[in-house]
Amino acid sequence: AAKNDGRNAIRFFDPMMQAAVTARAALENDLRTALAEQQFLLYYQIQIGPGDQPVGAEALIRWQHPTRGLVSPFDFIPLAEETGLILPIGLWVLQTACKQLQRWRNDPATADLQLAVNVSALQFRQPDFMEQVGALLRHTGARPDRLKLELTESLALENVEDTIAKMKVLRGLGLRFSMDDFGTGQSSLSYLTRLPLDQLKIDQSFVRNIGIQHTDALIVQTIIGMAHSLGIDVIAEGVETEQQRAFLALNGCTLCQGYLFSRPVPLDAFESLLTQYASPA
Ligand code: C2E
Ligand code: MG
Ligand code: MG
Ligand code: MG
């Protein structure tokens, strides 16, 4: 870093830092207009059950930036969280998901699909989060039990009492909950049993190492065992090979999501993918 010459605060920054600050400010500025300009898209990644049955999808946001092209959520969700822009963005995601569920509702081929939506901590902590979700469900006519909220362990544990209270209200409406990236956080077993979850989602870092790292295969088996003990579902994310899928199935995890089946794709591609699999039960 530059030496403090006591004249100009900007000289504290080295050129790399300066460039990073400028780029961040530009991105933040673009992010502010992205919603109004309708630059966000929802992609869908299929989730497959036993017998190659599609059981649903995870909704994953994409940003179609006018000059940068498709921006990954890894590159803008953290900034959206820091700036609070995740609130309107998260609401847009939920609303888009609910509208889609309403459209699927009328077709027997899609009526049973569950749509999983990622929820940010800031969004979930809003005192009116439950009312917002309730209003969206009423206004769109989506079936509440087709909407699944994905929470992370860090979100759930930062305020366990608030988390449990909100989950209970939303489950009362019919919503489902999945614990995303499971195994990477700090959940203690005692907290885990208190959360009214419907599903554990095994993090892809463990799935990737099935057949490579013995300890990761053990972690996968342990998570599956935990889900079974709790009497809830378990799904694996990041499934890329038949070997991984076979190991998961052998150990009792028959729900999978990953590139083995499909990358996250736009709605029309997702719907044509559905027809390539058996119709949902
Ligand atoms: P996530 O919720 O854990 O989503 C899974 C990520 O893994 C997705 O990345 C997905 O494209 C990727 N993935 C799926 N299958 C495979 C596979 O077989 N191999 C590999 N290598 N990757 C796979 P994506 O779409 O880039 O999203 C990244 C993260 O951004 C998500 O992680 C989630 O935390 C966040 N995110 C995405 N959409 C939203 C959103 O609408 N709201 C919020 N708050 N966060 C979102
Ligand atoms: Mg997720
Ligand atoms: Mg995940
Ligand atoms: Mg992840």
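The structure we're discussing is the one just above.
What counts, and where the lines are drawn
Residues numbered from 1 in each chain as written. Chains lettered and ligands numbered in written order. Predicted model: local features only at pLDDT ≥ 70, side-chain atom pairs only at ≥ 80, totals over all residues. Heavy atoms only, no water. Helix = DSSP H or I, 4+ residues; strand = E, 2+ residues; numbered from the N terminus. Buried < 20%, exposed > 50% of the residue type's maximum accessible area, 1.4 Å probe, protein only. Lys, Arg positive; Asp, Glu negative; His and termini not counted. Salt bridge = Lys/Arg side-chain N within 4 Å of Asp/Glu carboxyl O. Polar contact = N/O pair within 3.5 Å; in protein donor to acceptor, adjacent residues only side chain to side chain. Donors = N, O, S within 2.8 Å, 3.2 Å for Na, K, Ca; no water. Contact = heavy atoms within 4.5 Å. Pairing = 2+ DSSP bridges. Phe/Tyr/Trp six-rings, centres within 6.5 Å; stacked < 30°, edge-to-face > 60°. Lys NZ or Arg CZ within 6 Å of the ring centre and 35° of its normal. Expected span 1.5 Å × (residues − 1).

S.K.: In this structure, what is going on with the side chain of aspartate 203? I would like to understand it.
M.R.: One can find aspartate 203 in the loop between strand E7 (199-202) and helix H9 (204-208). No salt bridge forms around the buried aspartate 203; measuring N to O, its nearest opposite-charge neighbour arginine 208 is 6.4 Å away. Here the side chain of aspartate 203 touches serine 205 through a polar contact of 2.6 Å, side chain to side chain.

S.K.: What exactly am I supposed to notice about the coordination of the magnesium ion (ligand 3) here?
M.R.: By definition of the ideal shapes, four donors in a tetrahedron about a metal sit 109.5 degrees apart, and six donors in an octahedron sit 90 or 180 degrees apart. Protein coordination at the magnesium ion (ligand 3): the donors are Asp180 (OD), Asp181 (OD), Glu237 (OE) and Glu237 (OE), at 2.1 to 2.4 Å from the metal. The magnesium ion (ligand 2) is placed at 3.8 Å from the magnesium ion (ligand 3), the two being bridged by aspartate 180. Of this pair, aspartate 181 sits in strand E6 (residues 176-182) while glutamate 237 sits in strand E8 (residues 233-237), placing them 56 residues apart in sequence.

S.K.: Explain the environment of aspartate 180 to me, please; I cannot follow it from the model alone.
M.R.: Structurally, the position occupied by aspartate 180 is in strand E6. Classification of aspartate 180 as buried rests on a relative accessible area of 7%. Along the primary structure aspartate 180 and leucine 151 are separated by 29 residues, whereas in three dimensions their C-alpha atoms are 5.6 Å apart. Dropping the residues within four chain positions of it, aspartate 180 is found in contact with Glu58, Asn118, Glu150, Leu151, Thr152, Glu153, Lys201 and Glu237.

S.K.: What is the right way to look at the pairing of strand E1 (residues 40-48) in this model?
M.R.: Counted residue by residue, E1 has eight buried out of nine residues, so it is predominantly covered. Of the pairings in the sheet, the one linking E1 to strand E2 (residues 54-65) comprises nine bridges and is antiparallel in character. Residue pairing for E2: glutamine 47 is matched across the bridge by glycine 56. From the end of E1 to the start of E2, which pair antiparallel, there are five residues, and glycine 51 there has a positive phi angle of about 65°.

S.K.: Explain the coordination of the magnesium ion (ligand 2) to me, please; I cannot follow it from the model alone.
M.R.: Only Glu58 (OE), Asn118 (OD1), Glu150 (OE) and Asp180 (OD) from the protein reach the magnesium ion (ligand 2) as donors, at distances of 2.0 to 2.3 Å. Counting residues between consecutive donors of the magnesium ion (ligand 2) along the chain gives the motif E-x59-N-x31-E-x29-D.

S.K.: Hey, could you run me through the environment of glycine 252 in this one?
M.R.: Position of glycine 252 relative to the elements: it lies in the loop between helix H11 (242-250) and strand E9 (255-257). Taking the relative accessible area as the measure of exposure, glycine 252 reaches 29% and is therefore partly exposed. Between the alpha carbons of glycine 252 and leucine 149 there is a distance of 23 Å; along the sequence they are 103 residues apart. In contact with glycine 252, other than residues within four places in its own chain, are Ile224, His228 and Val234.

S.K.: For this particular structure, what's the right way to read the packing of aromatic side chains?
M.R.: For any pair of aromatic rings, geometry is given as the distance between the ring centres together with the angle between the planes. The tally for this structure, following the rule as stated, stands at eight aromatic pairs. Three or more aromatic residues link up through ring pairs in this structure, and these residues are Phe40, Trp63, Phe76 and Trp92. Of note, lysine 166 hangs over the ring of phenylalanine 124, and the distance from its end group to the ring centre comes to 5.8 Å. When the ring centre of tyrosine 259 is taken as reference, the NZ or CZ atom of arginine 263 above it lies at 4.0 Å.

S.K.: How should the environment of threonine 241 be read in this particular structure?
M.R.: In this fold, threonine 241 is placed in the loop between E8 and H11. Put simply, threonine 241 and leucine 192 are 49 residues apart on the chain and 30 Å apart in space, counted from C-alpha to C-alpha.

S.K.: Could you clarify how one ought to interpret the pattern of salt bridges in this entry?
M.R.: Pairing is possible between side chains that carry opposite charge, provided their charged atoms lie close to one another. By the definition in use, this model includes 14 salt bridges. We note a salt bridge from glutamate 158 to arginine 125, for which the minimum N-O separation is 2.8 Å. Here glutamate 158 is found in helix H6 (residues 153-158), whereas its partner arginine 125 is found in helix H4 (residues 121-125), with 33 residues between them in sequence. Judged by relative accessible area, which is 18%, arginine 125 ranks as buried. Between aspartate 145 and arginine 146 there is a salt bridge, and its shortest N-O distance comes to 3.4 Å. Each member of the pair, aspartate 145 together with arginine 146, is buried. Each of Arg24, Glu28, Arg32 and Glu82 takes part in a single network of salt bridges with overlapping partners.

S.K.: What should I look at first to understand helix H5 (residues 129-140) in this one?
M.R.: Along an α-helix, a turn takes 3.6 residues, which lines up residues three or four apart on a common side. For H5, built from 12 residues, the straight-helix expectation of 16 Å at 1.5 Å per residue is met to within 8% by its first-to-last C-alpha distance of 17 Å. Within the sequence span of H5, burial applies to Phe129, Val133, Gly134, Ala135, Leu136, Leu137 and Thr140. Next to the buried residues of H5 lie helix H3 (86-105), H4, strand E5 (147-152) and helix H7 (160-173). Phi turns positive, to about 80°, at glycine 141, one or two residues after H5.

In short, the description is geometric, and any link to function would need to be established separately.
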